[in-house]
Amino acid sequence: MSLAAYCVICCRRIGTSTSPLKSGTRWRDIRNIIKFTGSLILGGSLFLTYEVLALKKAVTLDTQVVEREKMKSYIYVHTVSLDKGENHGIAWQARKELHKAVRKVLATSTKILRNPFADPFSTVDIEDHECAVWLLLRKSKSDDKTTRLEAVQEMSETHHWHDYQYRLIAQACDPKTLIGLARSKESDLRFFLLPPPLPSLKEDSSTEEELRQLLASLPQTELDECIQYFTSLALSESSQSLAAQKGGLWCFGGNGLPYAESFGEVPSATVEMFCLEAIVKHSEISTHCDKIEANGGLQLLQRLYRLHKDCPKVQRNIMRIIGNMALNEHLHSSIVRSGWVSIMAEAMKSDRIMEASHAARILANLDRETVQEKYQDGVYVLHPQYRTSQPIKADVLFIHGLMGAAFKTWRQQDSEQAVIEKPMEDEDRYTTCWPKTWLAKDCPALRIISVEYDTTLSDWRARCPMERKSIAFRSNELLRKLRAAGVGDRPVVWISHSMGGLLVKKMLLEASKKPEMSAVINNTRGIIFYSVPHHGSHLAEYSVNIRYLLFPSLEVKELSKDSPALKTLQDDFLEFAKDKNFQVLNFVETLPTYIGSMIKLHVVPVESADLGIGDLIPVDVNHLNICKPKKKDAFLYQRTLQFIRETLAKDLEN
């Protein structure tokens, strides 16, 4: 203002002066104006340039600092000087306020133009490249469940962050967010920290010895006789004597593989395998899970998991134990702290279906945000294994038969002849599971569950002298597990092979007698039977005739044509199915099956596979391949898919 006033006065003097004598004075005034204004312009330019450069320095990201941050494994917090005598002066305070105002303007502009935030959030004190990270972290800890789920989904879909930003999330997120990221298909594995270091082994000790000590520390109460038998065997025998034993089958709800043949090759794994199988059954009891956790079992099992990275059978048993422990919500924090979520997040992305499915069960049992059901040992969700926005409208359940398993039974047809007495152990043979790959793609609105239970062909293979499980016993056990998994809350289609069909029939009859199981009956829409011996099997007769060779198990004996239990089951279910108007489809094999290398047998003849209702379709395959389509466009799969779609048509439309 003073400059303008001075200029006006000088101009008036120049304009009103007419005397030639004062011309020198006029030019002198002009020079003064030029000097004064020039000084002000120059000084102002320098001041503005300084302030712009200072502001630029204040808001510019130091790339060297970023590089250093990438190498850090912990979070730095901005600190304030503790020196109370430090005085920055008026100029410093003025600059601080100016910079803060500019950043507020920028933040407000961002909100107006991009509206990236769901709720008010101040970004004044956060660098621009950090805003998204901290905003998502804040949302993930919201009291609103929907907001938390949206935050986890946004994190999982982010793939442009730097390494240190993923580590920032990994260190700052809570267990719910971590589990949600592990169950999100697109999540980057950098979200998960490495498991914490494992404690050192005791002096003069080994993992095998510590595993035996863990088993010995568990209570021997609430266990059936068979578990007590194997627990005693694992604790009393040395690894050398166990490795020397040949023959026999050791499995509780597992995949039915004979371990004995591998014992001679890997003696150190013998006692470990026996102990793990015993601990699997212990882990089905809540109080025993507490003991496993208190005695360092989570860390010990993790050590074994790493040591046996090339032994899928050992890893699967370990994952079964962790999955059982995850059924107890009070143990979730211990499981997360021990690093199992990070391990399972990686396993979920495995190409091996069995490994991924075991990991999916563990994480589903840990995820109380989106999963209400609990998946007990032997119940595996094949689809969806990740969190999904796709509404699930119906369930399809797969129940395998004698000597079958939850995964290998439903693989594609083998290129070479399979053998019933000696199931394949090559992992590559089990990687294809058509319910998970084909059916999940064709019907994404289905929850697909596969059930696993232990069966034996003969008592000679069973090894446990106390275990005599009937169809009635197994059906009650499976029905309880399936109801805990939420089966019955949606429309259901049952798909079964061989003896699995008898279990389905028995389960439905038992459910009809229990009021708490009425939902299972009311929501059952249809059943597919693959070569189910409704009227008995030649396998049982053959086994009886060569009793000296096979010693048929209780399951096989119940399949004989003159079995009173089998006839009663058939009569009761036929009347029941007609009354409930279940949709039924029956397939039956027409070719014989090889048992061993020399014996050939037609396991289920056409007349035995006829339930009495529904279509009966003969297929030119043997008993093993009746549930294994050669390819996706094969008749077996296409007819199965057609039945599912037609039976659930109204439910899938709603």
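Whatever comes next refers back to the structure up there.
Predicted model only: the values in this text are computed from it and were never measured.

Calculation rules
- Residues numbered from 1 in each chain as written.
- Predicted model: local features only at pLDDT ≥ 70, side-chain atom pairs only at ≥ 80, totals over all residues.
- Heavy atoms only, no water.
- Helix = DSSP H or I, 4+ residues; strand = E, 2+ residues; numbered from the N terminus.
- Buried < 20%, exposed > 50% of the residue type's maximum accessible area, 1.4 Å probe, protein only.
- Contact = heavy atoms within 4.5 Å.
- Core = buried A, V, L, I, M, F, W, Y, C linked by side-chain atoms within 4.5 Å.
- Phe/Tyr/Trp six-rings, centres within 6.5 Å; stacked < 30°, edge-to-face > 60°.
- Pairing = 2+ DSSP bridges.
- Axes fitted to C-alpha atoms, helices over the stretch in contact; angles between N-to-C directions.
- Salt bridge = Lys/Arg side-chain N within 4 Å of Asp/Glu carboxyl O.
- Parallel < 35°, antiparallel > 145°, perpendicular 65-115°, else oblique.
- Left-handed = near helix turned anticlockwise from the far one by under 90°.
- Nonpolar A, V, L, I, M, F, W, Y, C, P; charged D, E, K, R; others polar.
- Polar contact = N/O pair within 3.5 Å; in protein donor to acceptor, adjacent residues only side chain to side chain.

S.K.: Summarise the overall build of the protein; cite the residues concerned and give the values.
M.R.: For the protein, the count of helices and strands is 30 helices and nine strands. Expressed as a percentage of the 654 residues in the protein, the buried residues total 51%. Counting contacts in the protein only where the partners sit at least 6 residues apart, residues at least 24 apart contribute 77% of the total.

S.K.: Please provide a residue-by-residue account of the nonpolar core, values included.
M.R.: Counting residues in each nonpolar core, the largest one holds 63 residues, and the members touching the most others are Ile169, Ile318, Ile322, Met325, Trp340 and Met344. Considering every element that reaches this core, the biggest residue donor is helix α13 (residues 268–282), with eight residues. Sequence-distant contacts of tryptophan 340, defined by excluding residues within four places in its chain, comprise Leu298, Leu301, Gln302, Tyr305, Ile318, Ile322 and Ile335. Counting 43 residues, the second largest nonpolar core, distinct from the first, contains Leu478, Val520, Val532 and Phe573.

S.K.: Outline the packing of aromatic side chains, supporting the account with residue identities and numerical values.
M.R.: Taken as a whole and assessed by the stated rule, the structure comprises 14 aromatic pairs. Ring geometry for tyrosine 305 against tryptophan 340: centres 5.6 Å apart, planes inclined by 80°, an arrangement best described as edge-to-face. Here tyrosine 305 is found in helix α15 (residues 297–307), whereas its partner tryptophan 340 is found in helix α18 (residues 340–348), with 35 residues between them in sequence. Taken as a pair, tyrosine 305 and tryptophan 340 share a single burial class, namely buried. Each member of the aromatic cluster is reached from another via a ring pair, and the members are Phe398, Trp410, Trp434, Trp438, Tyr530, Phe587 and Tyr637.

S.K.: Please set out unusual backbone geometry residue by residue, giving values where relevant.
M.R.: For the peptide bond that leads from histidine 383 to proline 384, omega is -10°, which places it in the cis range. Backbone geometry places serine 531, a non-glycine residue, at a positive phi of 45°. Phi at asparagine 581 takes a positive value of approximately 60°, unusual for a residue other than glycine. Secondary-structure assignment places asparagine 581 in the loop between α28 (564–580) and β6 (583–589).

S.K.: Please set out the sheet that holds strand β5 (residues 524–530) residue by residue, giving values where relevant.
M.R.: A sheet is described by the order of its strands in space; here seven strands give the open sequence β1-β3-β2-β4-β5-β6-β9, paired in mixed fashion. Because the sheet does not close on itself, it has two edges, and the strands there are β1 (379–383) and β9 (615–619). Each adjacent strand pair in this sheet contributes to an overall mean axis angle of 20°, direction not counted. Relative to β6, β5 is paired through five bridges, and the arrangement is parallel. Its bridge partner lying in β6, phenylalanine 529 is registered against asparagine 586.

S.K.: Break down the pattern of salt bridges for me, citing the residues and quoting the values.
M.R.: Between side chains of opposite charge, a pair can form as their charged atoms come close. This structure, assessed with the given rule, holds 20 salt bridges. Arginine 148 is the salt-bridge partner of glutamate 369, the closest N and O atoms lying 2.9 Å from each other. Placement of glutamate 369 in the loop between α19 (353–366) and β1 and of arginine 148 in helix α6 (residues 145–156) is noted, with a sequence separation of 221 residues between them. Take arginine 148: its relative accessible area is 13%, and that puts it in the buried class. Taken together, the salt bridges that share partners define one network made up of Glu373, Asp395, Arg447 and Arg490.

S.K.: A description of the side chain of histidine 288 should follow, citing residues and the corresponding values.
M.R.: Here histidine 288 shows up in helix α14 (residues 286–294). Accessibility expressed as a relative area gives 0% for histidine 288, which makes it buried. The residues contacting histidine 288, other than those within four sequence positions of it, are Leu218, Pro219, Thr221, Leu223 and His282.

S.K.: I'd like to hear about the packing of helix α8 (residues 175–182) against α18, residue by residue, with values.
M.R.: The interhelical angle for the contact between α8 and α18, taken along N-to-C directions, is 15°, at an axis separation of 9 Å. Considered as vectors, α8 and α18 are oriented roughly parallel to each other. In this structure, the crossing between α8 and α18 has a hand that is left-handed. Residues Leu178, Ile179 and Ala182 of α8 form the contact with α18, whose participating residues are Val341, Ala345 and Met348. Split into classes, the residues belonging to the contact of α8 with α18 amount to six nonpolar, no polar and no charged.

S.K.: Before we move on, could you go through the packing of helix α23 (residues 499–512) against α28 and cite the residues and values that matter?
M.R.: It is at 10 Å that the axes of α23 and α28 come closest, and there the two elements cross at 65°. Considering only the axes of α23 and α28, their crossing is left-handed. Counted together, Leu502, Lys505, Lys506, Leu508, Leu509 and Ser512 of α23 and Leu566, Leu569, Gln570, Asp572, Phe573 and Phe576 of α28 form the full contact between these two elements. Class assignment for the residues of the contact of α23 with α28 results in seven nonpolar, two polar and three charged.

S.K.: Provide a residue-level description of the environment of threonine 437, including the pertinent values.
M.R.: Residue placement: threonine 437 occurs in helix α20 (residues 434–442). Looking at threonine 437, the relative accessible area reads 36%, which means it is partly exposed. In this structure, the C-alpha to C-alpha distance between threonine 437 and lysine 632, residues 195 residues apart in sequence, is 9.8 Å.

S.K.: Talk me through helix α7 (residues 163–172); I want residue IDs and the actual numbers.
M.R.: With seven of ten residues buried, α7 is to be regarded as a mostly interior element. Residues of α7 that are buried: Tyr164, Gln165, Tyr166, Leu168, Ile169, Ala170 and Ala172.

S.K.: Describe the side chain of serine 475, and please don't skip the residues or the numbers.
M.R.: With respect to the secondary-structure elements, serine 475 resides in helix α22 (residues 471–484). One polar contact links the side chain of serine 475 to the main-chain carbonyl oxygen of alanine 472, over a distance of 2.8 Å. The residues touching serine 475, leaving out its near neighbours within four places in the chain, are Leu503, Lys506, Met507 and Glu510.

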